[in-house]
Amino acid sequence: MKKILFWLRWAWRDLRVRWPQVAAIAFIIALSTGIFAGLGGQETWRIASMDLSYETLVLHDIKVNLTTGSFLPEEKALAVLDGIDGLALVEPRLVMDTMLDASTDDETILVSGRLIGVDVSQGGPWIERIHLDEGQHLRSGTTQEVILETKFARYYDLEPGIDVRLMGGFELSAVGIGVSPEYFMVTPPEQIGFDILGESSMAILYMPLPAVQAIFQQEGYLNEILVQVDKGADADLVKSQVAEVLRATFPETGFFLSAGEDDPGLVMMYEDAVEDQQMLNLIALFFLIGASLASFNLAGRLVESQRRQIGIGMALGIPRWKLAVRPMLVGAQIAFLGLVFGLPLGFGFTRYFGILMDEMAPLPYYAGTLLHPPSFLIAAGLGIVLPVLSTLIPVLRAVRSEPLDAIHGHLAAKDSGLNRWLKGIRLPGNTFTQMPIKNLLRSPRRTLLTIAGIMVAIALLFMFTALLDTFLGTLDQVENAIQYRSPNRMLIALDHFYPQDHAQLDDLRSLENSQGDQLMAETESWMRLGSRLHAGDEAIEILLDVFPADSMIWVPNLLSGELVQSNQHAGDQEKPGIILSGRAVSDFDLEVGDSLILEHPYREGLYSFRSEQTEVVVVGIHDNPARGVSYMAMEEAGFMGLSGLTNTIVALPAEGVSQAEIKEALFFQPGILKVEATAEFLDFMDDVLVIFTQALRVMQVVGILIALLIAYNSTVINIDDRQREIATMLAFGVRLRRVILVEIGENVILGVLGTAVGAVLGWWVLERMMLTRMETMLEEIQFVVTVRPFSVFAAVTLGIGFVALTPLISARKLRRIDVPSTLRVLE
Amino acid sequence: MIKLKDITKRYDMGAVSVTALSSVSLEIGKSEFVVVLGPSGSGKTTLLNMIGGLDTPTSGSVMVNAREITNAGRIDKFTFRRETIGFIFQSFNLFPSLTALENVQFAVDMKGISGAVEVARGFLDDVGLSPRIDHFPHELSGGEQQRVAIARALATGNPVLLADEPTGELDFQTGIQILKLLESQSHVDKTVLVVTHNREISRIADRVIELSSGEIVSDGAPNGGRAEIADLHW
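Being a predicted model, the structure only gives us computed values, none of them experimental.

## Focus: the nonpolar core
Leu-47, Phe-106, Leu-124 and Leu-182 of chain B are the most contacted members of the largest nonpolar core, which totals 95 residues. Those residues in contact with Leu-182 of chain B that lie beyond four places of it in its chain are Phe-33, Ile-88, Ile-150, Ala-163, Pro-166, Val-192 and Val-194 of chain B. Of all hydrophobic cores here, the second largest spans 90 residues; its members include Ile-25, Ala-361, Ile-458 and Val-765 of chain A.

Written out as structure tokens, the structure is:
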């Protein structure tokens, strides 16, 4: 027991002398293992939470969607489905798009709205149940009560009890705030490419079915049917039977069936969880590599500083295993401190990520916490293994050397390292300017490990910086594409197709304010259609904007090709021309002049459409990075049976008229589905960017911290290793600041090399790995890899500047060197 | 050249107080070759550190080359050492990253003298190391390393050379070579002070100052008169 206490006391004294270095190494390890622990369980947690949420709120198995503008008699539709085996539950819905005025005293909120009429009789709805976050549930028989969707309400800070208005002047009261599974992620179709961003621009409102039917004068009608299949029943068989029965009963009505598990929001959320985890694992791996390099370099050097004492012990005949105890205790101290720091850091990262996910993609139910014991155990294991291995290797080296070599090792270097390459070569400058590089070349392994540690940390910093710049650059490109030529234009979506010369549209175009001034300076008739592109086995959803080629307001900005086919393509004029995004073209491996299939609505009657496929030719490529955004000149669009029609008015506000004024004026006009100002979309993007920016900034700070800790520790250990050299210089009268300048010179070289290679590595990882994952996760976007000059400047300044200046932290330690004691020979 | 008056150095370590030097007074002239002799713990290294401006006396005064350094400030002491003292250490203390030439060049660069490489070459030639100028310290023998250290001290051009046990790590033959070099410097207007516990070395000095327990017990010509270096034996 006394012997154990002796070693512990000795180790404690070692720690008291070395505690800043030990703590710094421990903190580096703690940061990286903390990130690993904190983020390692996010996939498991998210998937478990999504499973719980979808199951608890009963995601539909099958949904019958009628084509836009189509309706079915509710009673008859439900009756024909009644006879199908395998149906557990069938519920009718009426889903209508509208405009919502949720303005408060502080803010004007005029957005697109989607009114979901649900069956609340018998305590429903029982499929796509509404999870109530605040307020009260819908009551059967009410006609003016709605529940606002949670994310929309949170975005605008709305609470139960507020009054809202629908287009047409319907006054409603928001009695509650909640969400159903279908809208865990809101994906407004016109924001193709930015599906995750729908919450501010689209308000989902839940209301009793009869109330919605009354508002839209569709009493007794539905346009959606939700189906729950019996457990054990063949869902595909049930689906085909449902389709068959409906087609047979309602042959003139178009509809399509979708499975709940294919819901785009659901698919995206589950895929995101998996792909996010892969990316986070990659990030954690990088941090761990940086920490490993730092640990092996720095902990190893701490142990080497005890080599002389190990040599003395060996000379005295002490068994080697006993001599190994003390330096190994250094590793144990680092491991212990690593755990002490790492656990709260891990909890902290867990909590932070949980908050982030709750902001970006909130769920009604969470399965436990993000704490993932396996990740924490692995992280704890790594936190122990790394420092133990880092100390074990130099300890083994030390106890295997000859005692005299170990004892006298401090008096003269074993060799000159790579300086032998410089023999006979006169470097420029004097000895003081040459010393930094020569000191680094003397210990090449140590130098490389330090550079490698800084390199990994800078690579992470650069990667996150470049990732942020890439986001910003891509958003800038979207902004430029949207705001090109007419930044204040507005899109007025009509509730269905109208002849372009319809009187109602003339009234719209000539709207005036209370002073009698015309609100809109310019208007044009466009069309906007949800469609699909097919090329080989691939297919993508697109939003097709049909525009007048001679538009005075706006036409897409082309990177190549033309807006309308010219005579040059005379041979292809049988095929209509389409303008696609660069991403769509590259995904399909096409060029201008190539053909593909457009699946589009074809108008059969006034309000009925069927789906048709037509071969089209790519005539141009536009500059918007969103894959699904496509354009076609009005002159080319006759094949869709929509000649002379319009469902979208594009307008320019008159001088002195604000977009908000026009929105308010249009709000009460009949026939309007929604009104959008292009700038609103971009404002929302800025808000979402804040979340991304915060997350990336945290990672940037961690990267910087690791680089600084590595540099600081390396400097401190350098000073300890070179005490005799420094004392000799001071004895000869070299000023302290010159000694510090030599140290700074070394760190400048380390910083330059570490930053240069780190930046290249960071760029490579960004391009090869991160962007590949981003483009898989956000496949609707063409990312434009961008690094802003300021970002490069910041990374270089931090990487070189901070690293170079760390010797200043040790100035006090240098000032306190006892020159005579240091120079005294210890016999 | 060097004037110490009533120098006392006490180290207070809690309840214990150790007197390294007690009322030591001496004067050393220009071009003297002086050996400070004494056993371990006699205060000889402390005395050297006082003269070299590396330590401050508890009481008394130190004047070197007409410069009062007793209570000189930190910066002044740096300047003093740079302009007045050349150190030679028992364990050589060469810079391991620099070659022999560069180690000597360091001293020349420190003084801001131009043509540092050629100047350094000259000093290494003086100590007989021209063939080894591009070798690193670990590639040199002990004697060669000490000769580089001497060349480095000489390259400062400073008038006072302080050598602390310069032959301590060397064999007899090599030690003799080193002593020859050091002794020769006193013939070129340098004041050389050698600290040693080896009584044999004191025989070649102009003057031997013997210390015991921090006090001077004798100060004068070596016993039996000054010997030739060739007569030394240990």
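## A few points about the sheet that holds strand β1 (residues 2–13) of chain B
All names here are of chain B. Ordered in space as β2-β1-β4-β5, the four strands form an open sheet in which the pairing is antiparallel. Each edge of the sheet is formed by a strand with only one pairing partner; in this case those strands are β2 (16–28) and β5 (67–68). As defined by bridge partners, β1 adjoins strand β4 (residues 59–64) across five bridges and the pair is classed as antiparallel. Counterpart to Leu-4 in the pairing with β4 is Val-62. Of the strands in this sheet, β1, β2 and β4 are in contact with helix α1 (residues 44–51), which crosses β1 at around 120 degrees.

## Side note on the interface of chain A and chain B
At the junction of the two partners, chain A supplies 36 residues and chain B supplies 33 residues. With both chains or domains summed, chain A and chain B bury close to 3,300 Å², and 60% of this area falls on carbon and sulfur atoms. The tally of links from chain A across to chain B stands at one salt bridge. Salt-bridge contacts for Lys-438 of chain A lead to Glu-102 of chain B; the nearest nitrogen and oxygen are separated by 2.6 Å. On the surface where chain A and chain B come into contact, there are nine residue pairs in polar contact (both at pLDDT 80 or more). Those elements giving two or more residues to the side of chain A that touches chain B turn out to be α12 (431–442), α18 (723–731), α19 (736–777) and α22 (819–823) of chain A. Top contributing element to the side of chain A that touches chain B by residue count: α12 of chain A, with seven residues. Of the residues that constitute the side of chain A that touches chain B, the class distribution is 14 nonpolar, nine polar and 13 charged.

## Side note on a negative patch on the surface
The grouping of Asp-105, Asp-106, Glu-107, Asp-133, Glu-134, Asp-157 and Glu-159 of chain A at the surface amounts to a negative patch. Secondary-structure assignment places Asp-133 of chain A in strand β5 (residues 131–135).

## Structural notes on the sheet that holds strand β10 (residues 215–220) of chain B
Strand pairing within a sheet occurs via backbone hydrogen bonds; the two strands may be parallel or antiparallel. Residues and elements named next belong to chain B. Spatially, six strands are ordered β6-β7-β8-β3-β9-β10 in an open sheet, and the strand pairing comes out mixed. Each having just a single partner strand, β6 (85–88) and β10 make up the two edges of the open sheet. This sheet shows a mean twist of 15 degrees between the axes of neighbouring strands, independent of strand direction. Its contacts with the sheet place helix α5 (residues 142–155) against β6 and β7 (160–164), and it is angled at close to 175 degrees to β6.

## Side note on helix α16 (residues 659–667) of chain A
For α16 of chain A, the full list of buried residues reads Ile-662, Lys-663, Leu-666 and Phe-667 of chain A. The buried side chains of α16 of chain A occupy one side of the element, clustering within an arc of 140 degrees when seen end-on.

## Description of the pattern of salt bridges
Inspection of every chain in the model, using the stated rule, returns 33 salt bridges over all chains. Of the charged contacts in the structure, one is a salt bridge between Glu-743 of chain A and Arg-722 of chain A, with a shortest N-O distance of 3.5 Å. With Glu-743 of chain A in helix α19 and Arg-722 of chain A in the loop between α17 (678–721) and α18, this pair connects stretches of sequence that are 21 residues apart. An identical accessibility class is assigned to Glu-743 of chain A and Arg-722 of chain A; each is buried. One salt bridge in this structure joins Lys-9 of chain B and Asp-55 of chain B, with 3.2 Å as the shortest N-O distance. Here Lys-9 of chain B is found in strand β1, whereas its partner Asp-55 of chain B is found in the loop between α1 and β4, with 46 residues between them in sequence. A single burial state applies to Lys-9 of chain B and to Asp-55 of chain B, both of which are buried. Taken together, the salt bridges that share partners define one network made up of Lys-63, Arg-93, Glu-182 and Glu-224 of chain A.

## Notes on the packing of aromatic side chains
Any aromatic ring pair is given by two values, namely how distant the centres are and how the planes are angled relative to each other. Throughout the structure, instances matching the rule amount to 16 aromatic pairs over all chains. Aromatic side chains Tyr-155 of chain A and Tyr-156 of chain A sit 4.8 Å apart centroid to centroid with 80 degrees between the ring planes, which places their arrangement in the edge-to-face category. For Tyr-155 of chain A, a relative accessible area of 28% gives the class partly exposed. On the basis of relative accessibility, which here comes to 12%, the residue Tyr-156 of chain A falls in the buried class. Seen in terms of ring centroids, Phe-95 of chain B and Phe-106 of chain B are 4.8 Å apart; in terms of plane orientation they differ by 75 degrees. Their pairing is edge-to-face.

## Quick look at the pairing of strand β8 (residues 191–196) of chain B
Residues and elements named next belong to chain B. β8 sits mainly inside the fold: six of its six residues count as buried. Neither face of β8 is exposed, since Thr-191, Leu-193 and Val-195 on one face and Val-192, Val-194 and Thr-196 on the opposite face are all buried. Note: strand β3 (residues 33–37) against β8, five bridges, orientation parallel. Following the sheet pairing, Leu-37 is matched in β8 by Thr-196. Two strands pair when backbone bridges link them, and β7 and β8 are joined in this way by five bridges, in the parallel orientation. The partner of Ala-163 across the bridge, within β8, is Val-194. The parallel pair β7 and β8, bridged by helix α6 (residues 172–185), forms a crossover whose chirality is right-handed.

Definitions and cut-offs
- Residues numbered from 1 in each chain as written.
- Chains lettered and ligands numbered in written order.
- Predicted model: local features only at pLDDT ≥ 70, side-chain atom pairs only at ≥ 80, totals over all residues.
- Heavy atoms only, no water.
- Core = buried A, V, L, I, M, F, W, Y, C linked by side-chain atoms within 4.5 Å.
- Buried < 20%, exposed > 50% of the residue type's maximum accessible area, 1.4 Å probe, protein only.
- Contact = heavy atoms within 4.5 Å.
- Pairing = 2+ DSSP bridges.
- Helix = DSSP H or I, 4+ residues; strand = E, 2+ residues; numbered from the N terminus.
- Axes fitted to C-alpha atoms, helices over the stretch in contact; angles between N-to-C directions.
- Buried area = accessible area lost by both parts, 1.4 Å probe.
- Salt bridge = Lys/Arg side-chain N within 4 Å of Asp/Glu carboxyl O.
- Polar contact = N/O pair within 3.5 Å; in protein donor to acceptor, adjacent residues only side chain to side chain.
- Nonpolar A, V, L, I, M, F, W, Y, C, P; charged D, E, K, R; others polar.
- Patch = residues over 30% accessible without salt bridge, like charges linked within 9 Å, V, L, I, M, F, W, Y side chains within 5 Å.
- Areas by Shrake-Rupley, 256 points an atom, 1.4 Å probe, with all protein chains shown as cover.
- Lys, Arg positive; Asp, Glu negative; His and termini not counted.
- Charge placed at Lys NZ, Arg CZ, Asp CG, Glu CD.
- Arc of directions from axis to C-beta.
- Phe/Tyr/Trp six-rings, centres within 6.5 Å; stacked < 30°, edge-to-face > 60°.
- Right-handed = clockwise from strand over helix to strand, strands pointing away.

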